[in-house]
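Working through the structure, step by step
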Amino acid sequence: MTQPITEKTGIKLAIIAAIILLLMIPIAMITDLIDERSASEHTVQQEIARSTSGTQALIAPFIYAEYETSTELDGVQTRIKHQRTLLPEQLTVQGTLDTFEKYRSIYKAQLYRADLTLTGHFDPKQLDDLADLTPTRVALVLGVSDIRGIGINTQISLNRQTYTLRPGTTLSAIEEGVHITLPISALRDKDLTFDVQFDLQGMTSLSIAPLGARTEVSLEANWPHPSFQGEYLPVHSEITATHFNASWQTSYFATNMKELFSRCIFKHQCAQLESRNMGVRLVEPVDHYLKSHRATNYALLVIILVISSFFLLELSKTKAIHPVQYGFVGLSLAVFYLLLISLSEHLGFGWAYALSALAAILLLVSYIWGILQSAKLSACYLIALSTLYAMLYAMLSAEHYALLLGSLLCFTVLATIMLATRHVNWYGTAQASTEKLPVQHSNSPTP
């Protein structure tokens, strides 16, 4: 007959379980450290944005006109001001974004210089209903979310005549931007053609409000990871390993831009106008902080796998391994994540992972050699640990298949442990011995 789990094995399993739980404390501390460093990077990026220029949202050229009428009230002449805006009939935007990095300490921010060309035309006939009124001011306005990014090469031409660029929009609803003052006679032209050469610096993203009755936007950049944003996706996009280009098309019928724009200018209700744009965000698909955070999510799995292999080795080789040695093995696995986050801030995630994994593997293999004094087992651990860390790196680097690879890794680990332990006698080797009692023969005398 068999006995339940031996007392010695049960105590050892309980100690190992306690060690694994205790190892979650340094893992949690390292995870908090990653979050703290990531928050510090975000703070530095905001500081860089405050000292240079932030994300840019462009409101394409529009005409703002003011009229005055005179009326008599109680014998007093009173002047009344009227306001109108004129949006482009055609708006075409072509731009090239040249990306670069700006560092502060060990942190960096992704910036770009945009060379934009905005062309199109207005139809002044739309203001014919105000022909009897006296215009007092006419301006061509261009809204920019952060005017600090406007370069010195920016210039605006209207009907092939270049005008002096002035800061601000003079509008309370859209405060940031530039404008040019136009002659009153411009409203009597049959057609107003504009050409804007725009030199703009920004950080991370660029969006454009499609003000034209027909709007066409084309952007390209030396960046391989675009995230198209806004309420309109590109009708065409091409993404390669080094750059991307994309183009958008839309019209008044799809945007309802006239109503939204008037609501913003005259009622200061600009939320819908600000959201109804098209553009791109230059993203880092999986940065080193996110990868490090993902790595710690699988720390428990790695620790259980490695420590379980030690325990199975102890059972099969009857080689006693002290709980302190289990603790040192677990701590070496935890320190790997600390090395990873600290090195990745200086070397990038790839090199940091390679060096951290190499350090952890060599430390563990040398420790195993000292415990077991077996070259064969040490070589097996070297191969197994290298394979494990290689699989983990492939999973962390995958942007779209991380969950799938993680699930496959968990299944592989479980299957390996189950197959390796299917012949283990978990009830122990001690068996109850049956003692043979002596047979007593009757030696009574015969009568």
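Structure report, in brief. (Residues numbered from 1 in each chain as written. Predicted model: local features only at pLDDT ≥ 70, side-chain atom pairs only at ≥ 80, totals over all residues. Heavy atoms only, no water.)

Re the overall build of the protein
Within the protein, the regular secondary structure consists of 10 helices and 16 strands. Residues classed as buried in the protein amount to 42% of the 447 residues present. Looking at the protein alone, contacts between residues at least 24 apart form 75% of all its contacts between residues at least 6 apart. (Helix = DSSP H or I, 4+ residues; strand = E, 2+ residues; numbered from the N terminus. Buried < 20%, exposed > 50% of the residue type's maximum accessible area, 1.4 Å probe, protein only. Contact = heavy atoms within 4.5 Å.)

Comments concerning the environment of S157
Turning to its location among the elements, S157 is positioned in strand 6 (residues 155-158). Once the C-alpha coordinates of S157 and D195 are considered, the two residues, 38 residues apart in sequence, prove to be 5.1 Å apart. Apart from the residues within four sequence positions on either side, S157 is in contact with T162, T193, F194 and D195. A distance of 3.2 Å separates the side chain of S157 from the side chain of T162, its partner in a polar contact. (Polar contact = N/O pair within 3.5 Å; in protein donor to acceptor, adjacent residues only side chain to side chain.)

Thoughts on the pattern of salt bridges
What the rule picks out here adds up to 4 salt bridges. In this structure, the salt-bridge partner of E66 is R137, at a minimum N-O distance of 4.0 Å. One end of the pair, E66, is in strand 1 (residues 56-73); the other, R137, is in strand 5 (residues 134-144), with 71 residues separating them in the sequence. (Salt bridge = Lys/Arg side-chain N within 4 Å of Asp/Glu carboxyl O.)

Section: the state of the cysteines
Inspection of every chain in the model, using the stated rule, returns 1 disulfide. Between the sulfur atoms of C264 and its disulfide mate C270 the distance is 1.9 Å. Across the disulfide from C264 to C270, rotation about the S-S bond amounts to roughly 85°, and the bridge is consequently right-handed. The pair C264 / C270 is uniform in exposure class, with both members buried. (Disulfide = S-S within 2.5 Å.)

Side note on the pairing of strand 16 (residues 278-282)
In terms of residue burial, strand 16 counts as a mostly covered element, since 4 of its 5 residues are buried. In this sheet, strand 16 lies alongside strand 11 (residues 205-209) in antiparallel orientation, the contact comprising 4 bridges. Pairing of S207 across the sheet is with G279, part of strand 16. Where strand 13 (residues 226-230) meets strand 16, 5 bridges bridge the pair, whose relative direction is antiparallel. Counterpart to F228 in the pairing with strand 16 is V280. (Pairing = 2+ DSSP bridges.)

Remarks on the packing of aromatic side chains
Applying the stated rule across the entire model yields 9 aromatic pairs. Ring centres of F228 and W248 lie 5.9 Å apart, and the angle between their planes is 80°; on these two criteria the pair is classed as edge-to-face. With F228 in strand 13 and W248 in strand 15 (residues 244-251), this pair connects stretches of sequence that are 20 residues apart. Consider the rings of F336 and Y353, whose centres lie 5.6 Å apart with planes at 90°: the pair is edge-to-face. Of this pair, F336 sits in helix 7 (residues 323-347) while Y353 is found in helix 8 (residues 349-372), placing the two residues 17 residues apart along the sequence. Just as F336 is buried, Y353 falls in that class too. (Phe/Tyr/Trp six-rings, centres within 6.5 Å; stacked < 30°, edge-to-face > 60°.)

What about the environment of M278?
Mapped onto the fold, M278 is located in strand 16. Given a relative accessible area of 1%, M278 falls into the buried group. When the C-alpha positions of M278 and G230 are compared, they lie 4.7 Å apart, and in sequence the two are 48 residues distant. With near-sequence residues (within four places) excluded, M278 lies in contact with L206, S207, I208, P210, V217, Q229, Y232, W248 and T250.

Comments concerning the environment of L140
If you trace the backbone, L140 turns up in strand 5. Take L140: its relative accessible area is 2%, and that puts it in the buried class. Note: C-alpha distance between L140 and T181 (41 residues apart in sequence) is 6.6 Å. With residues near it in sequence (within four places) discarded, L140 still touches P61, F62, I63, F122, I156, V178, H179, I180 and L182.

Looking at a nonpolar patch on the surface
A cluster of nonpolar side chains, L22, I25 and M29, forms an exposed patch at the surface whose accessible area comes to about 330 Å². You can see L22 is positioned in helix 1 (residues 7-51). (Patch = residues over 30% accessible without salt bridge, like charges linked within 9 Å, V, L, I, M, F, W, Y side chains within 5 Å. Areas by Shrake-Rupley, 256 points an atom, 1.4 Å probe, with all protein chains shown as cover.)

Re helix 5 (residues 288-297)
Those residues of helix 5 that sit buried are H288, Y289, K291, S292, A295 and T296. Down the axis, helix 5 shows its buried residues gathered within 160° of arc, on one side only. (Arc of directions from axis to C-beta.)

Re the packing of helix 7 against helix 8
When two helices pack together, you describe them by how their axes are tilted relative to each other and by the distance separating the axes. Interhelical geometry of helix 7 versus helix 8 gives an angle of 160° and a closest axis separation of 7 Å. Between helix 7 and helix 8, the interaxial angle falls into the category roughly antiparallel. By crossing handedness, the relation of helix 7 to helix 8 is classed as right-handed. Among the residues forming the contact of helix 7 with helix 8, the class breakdown is 20 nonpolar, 4 polar and no charged. (Axes fitted to C-alpha atoms, helices over the stretch in contact; angles between N-to-C directions. Parallel < 35°, antiparallel > 145°, perpendicular 65-115°, else oblique. Left-handed = near helix turned anticlockwise from the far one by under 90°. Nonpolar A, V, L, I, M, F, W, Y, C, P; charged D, E, K, R; others polar.)

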